[in-house]
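# Tertiary structure, described
Residue strings, one per chain:
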Amino acid sequence: MPAILIIDDNASVGTALDVLFSLHDIDTLQAQSPAEGLAMLEANAIDLVIQDMNFTEDTTSGEEGEALFAQIRARHPDLPVILLTAWTHLSSAVDLVKAGAADYLAKPWDDRKLLTTVNNLLELSEARRELDQRRAREQRQRSALEEKYDLCGAVFADPASERVIALACQVARSALPVLITGANGAGKEKIAQIIQANSLVAKGPFVAVNCGALPSELIEAELFGAEAGAYTGANKAREGKFEAADGGTLFLDEIGNLSLGGQMKLLRVLETGRFERLGSNRERQVKVRVVSATNADLPAMIRDGSFREDLYYRLNTVELVLPPLAERPGDIVPLAERFLTASKPLSSAAMAALQRYPWPGNVRELRNVIQRAELLASGNHIDVADLNLPRAPAAPRPAPSAGNDPDRARIEAVLARNHGVIAQAAAELGLSRQALYRRMDRHGIPRE
């Protein structure tokens, strides 16, 4: 049950507010002086403060209340405070609201207005507390992950990224092939590096091949090597990436670009560890951990005959799906700050603009935007104009439908997406917090 601290030298005010709030399942504590109120704040869990502005008889300046508010704000910067006084000074009210006061009400107050204000502030306070708790929990999880594993300098703060990285660390010590799927520029190679760094072959080589950057006729030679004269321009024998990665990890990016012939050879290597160089009949033996990645729809390629189904199932013994940057909003600002090289920080408006932008080019586009902005910014910080972000149309929001009450599955999905934060889930569903609780109770969804 939420608790409100009332600080007022008039005991009748405290009694009246106590009766009002008790009718709405809200506990109250009462203090009759600033010193008593501050002591109660330190000793109790308080969700909201209602304080008087004058505590000395025949005093109407409000200076005592301003001093008390300043002390509360210094000790509890996120605690909502409603100022209550019989002597309304407009300039003082404006100054205190600018300083962080939640509201400024005159005596005698309107019960309905006060209750509405209090309920709104309590909901916001609970949502902020739940969010702070979730962030603290996520920070502890990230710290534990960083202590236990080598994350290769990965920058992440979003739970979606953390889940992928945690799973990558979990499967790293297995010798099973891993397939990383996700959009171009999302950071798939960094995930592959984390797998290598925490694997049983961490001291071996890490060799990366971008299959999409090579002509199809050269991919096989790049992977398996070639003897002199195997193709035009092959003047001497050369080893392939499999030989170079022997005892370590081979990262095959854009695996969907591999030719059918190359796919067949790759499947054989995965099954036996044996292959032949192009133009050679002599088998070679290697022990290589294969991690592959693609932004292609491999099941669709299987259906149209351009990718082998047996190879697909061999490659994705473990599949890691890396979401695009737009679905990892918590990563955007930390990544942007990592890409900064000079002493020009991002303004708060620039940070907000970065988080609003959809990032079709993912992390790679973000790096380019920051590097360009840092070069062109003329001031002491990087502002929105320096980012020069393309204008992107806002995603359409679905119109609320009065007759479309969310079912159990939708409520559970929204709660999961918002990590159980009731206020955020309710906002997404277009409901009040109490309305969401009623529907949760109706569907038998527990209140955690």
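Before reading further, recall that the structure is shown in the block above.
These remarks concern the structure in this document. This one's a predicted model, so the numbers in the text were calculated from it and none came from an experiment.

The rules behind these values
- Residues numbered from 1 in each chain as written.
- Predicted model: local features only at pLDDT ≥ 70, side-chain atom pairs only at ≥ 80, totals over all residues.
- Heavy atoms only, no water.
- Helix = DSSP H or I, 4+ residues; strand = E, 2+ residues; numbered from the N terminus.
- Rg over C-alpha atoms; globule rule 2.2 N^0.38 Å.
- Buried < 20%, exposed > 50% of the residue type's maximum accessible area, 1.4 Å probe, protein only.
- Contact = heavy atoms within 4.5 Å.
- Areas by Shrake-Rupley, 256 points an atom, 1.4 Å probe, with all protein chains shown as cover.
- Lys, Arg positive; Asp, Glu negative; His and termini not counted.
- Charge placed at Lys NZ, Arg CZ, Asp CG, Glu CD.
- Salt bridge = Lys/Arg side-chain N within 4 Å of Asp/Glu carboxyl O.
- Pairing = 2+ DSSP bridges.
- Axes fitted to C-alpha atoms, helices over the stretch in contact; angles between N-to-C directions.
- Right-handed = clockwise from strand over helix to strand, strands pointing away.

With that out of the way, let us pick up the overall build of the protein. The number of helices and strands found in the protein is 19 helices and twelve strands. For the protein, the C-alpha radius of gyration of 31 Å lies well beyond 22 Å, the compact-globule estimate for 448 residues. Taken over 448 residues, the protein has a buried fraction of 45%. Contacts spanning at least 24 positions in sequence make up 67% of the contacts within the protein whose residues lie at least 6 apart. In the structure as shown, the protein presents an accessible area of about 23200 Å², 51% of it carried by carbon and sulfur atoms. Charge-centre separation for the protein: the mean point of 50 positive side chains lies 9 Å from the mean point of 60 negative side chains.

Per the stated rule, a full pass over the model turns up 14 salt bridges. In this structure, the salt-bridge partner of Glu283 is Arg274, at a minimum N-O distance of 3.5 Å. Look at Glu283 and you get partly exposed, because its relative accessible area is 31%. For Arg274, a relative accessible area of 34% puts it in the partly exposed group. Close ionic contact of Arg308 with Asp310 constitutes a salt bridge, the shortest N to O distance being 2.8 Å. Accessibility expressed as a relative area gives 27% for Arg308, which makes it partly exposed. When salt bridges with common partners are traced through the structure, they connect Glu227, Glu243, Arg277 and Arg284 into a single cluster.

So, on to the sheet that holds strand β7 (residues 206-210). Strand order across the open sheet formed by five strands is β7-β8-β11-β6-β12, with parallel pairing between neighbours. The open sheet has two edge strands with one neighbour each: β7 and β12 (318-321). Averaged over all neighbouring strand pairs, the angle between strand axes comes to 20°, with direction disregarded. Taken together, the four bridges between strand β6 (residues 178-181) and strand β11 (residues 289-294) define a ladder with parallel strand orientation. From the neighbouring strand, Thr181 faces β11, where its bridge partner is Thr294. Strands β6, β7, β8 (249-253), β11 and β12 of the sheet are contacted by helix α7 (residues 188-197), whose axis makes an angle of about 155° with β6.

Here we come to the sheet that holds strand β4 (residues 81-85). Judged by pairing direction, the sheet is parallel, and its five strands sit side by side in the order β2-β1-β3-β4-β5 without closing on themselves. Each edge of the sheet is formed by a strand with only one pairing partner; in this case those strands are β2 (27-31) and β5 (103-106). Neighbour to neighbour, the strand axes of the sheet diverge by 20° on average, direction disregarded. The pairing of strand β1 (residues 3-7) with strand β3 (residues 48-52) spans four bridges and is classified as parallel. Along β3, the bridge assignment pairs Leu5 with Val49.

To continue, consider the pairing of β2. The pairing of β1 with β2 spans five bridges and is parallel. What sits directly across from Ala3, in β2, is Asp27. Handedness of the crossover is the feature at issue here: the chain leaves β1, passes through helix α1 (residues 11-22), returns alongside β2, and the resulting connection is right-handed.

Our next topic: the environment of Glu239. With respect to the element layout, Glu239 can be found in the loop between α8 (216-224) and α9 (241-244). Linking Glu239 and Leu376, residues 137 residues apart in sequence, is a C-alpha distance of 45 Å. Apart from residues lying up to four places away in sequence, Glu239 is in contact with Gly225, Ala244 and Arg277.

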